[in-house]
Amino acid sequence: MLLFKDKINYKSFNGNGFKAHLDAPAYDHIGPIEHLTCNLAVDEATKENGYFQVVVGSHNTNVERSEGGHISEASENAHEWIPVPLEPRDALFFGSHLAHRLEGNRSNHYRAAICATSEA
C-alpha cells in the first residue's frame, strides 16, 4: 500500500467548504490509478459545521466535470446529495471517484478531521 497524502482538515468557524468534486483528477499526473481516502473525525461533523455530502453510486457513473475538476453545476443539481454526519472517532472511507462536497462551517467552533489517501 502506498500512502499518497495525509493531512488534517481544520475548518475554522465561518470557514468555507469544498465544492462538489471527485478526488481522482487530482492524481491524473500519476496515471490511471484508484485510491482510497479515510476521513477520521476528530470532532463531530454536523450540518452546521460542514459535514460530508455524497452521491451514492456516483463512483459507477460518468460524472460531468467543469473547469478545474469540480463537478458541473448541472450535474451537481441533478443528483441527490446524502449527508454523512460523523461522531468523534468515526471513519468515513471513500474511493477517488465518489462525488462529494462539504458546506462551510457555520458554527462558532472549529472542526478537525484527519485524512489519509492511499492506493486502493
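Residues numbered from 1 in each chain as written. Predicted model: local features only at pLDDT ≥ 70, side-chain atom pairs only at ≥ 80, totals over all residues. Heavy atoms only, no water.

Would you mind going over the sheet that holds strand β2 (residues 18-21) with me for this structure?
Neighbouring strands of a sheet are bound in pairs by backbone hydrogen bonds; such pairs are parallel or else antiparallel. Pairing within the open sheet is antiparallel, and its four strands lie in the order β2-β7-β4-β5. With one partner strand each, in any of the chains shown, β2 and β5 (82-84) form the two edges of the open sheet. This sheet shows a mean twist of 25° between the axes of neighbouring strands, independent of strand direction. By the bridge criterion, three bridges tie strand β4 (residues 52-54) to strand β7 (residues 100-102) in an arrangement that is antiparallel. Bridged to Gln53 within β7 is Arg101. (Pairing = 2+ DSSP bridges. Helix = DSSP H or I, 4+ residues; strand = E, 2+ residues; numbered from the N terminus. Axes fitted to C-alpha atoms, helices over the stretch in contact; angles between N-to-C directions.)

Which parts of the structure should I look at to understand the state of the cysteines?
In a disulfide, the sulfur atoms of two cysteines are covalently bonded to one another. Counted under the stated rule, the structure contains zero disulfides. Cys115 supplies the cysteine sulfur nearest to Cys38, a cysteine that is in no disulfide, at a spacing of 7.9 Å. (Disulfide = S-S within 2.5 Å.)

Looking at this structure, I do not really get the pairing of strand β3 (residues 35-41). What am I missing?
Side chains of β3 alternate between two faces, with His35, Thr37, Asn39 and Ala41 buried and Leu36, Cys38 and Leu40 left unburied. The pairing of β3 with strand β8 (residues 111-119) spans seven bridges and is antiparallel. Of the residues in β8, the one forming a bridge with Thr37 is Thr117. Note: β3 against strand β6 (residues 91-95), five bridges, orientation antiparallel. Its bridge partner being in β6, Cys38 is matched across the sheet by Phe93. (Buried < 20%, exposed > 50% of the residue type's maximum accessible area, 1.4 Å probe, protein only.)

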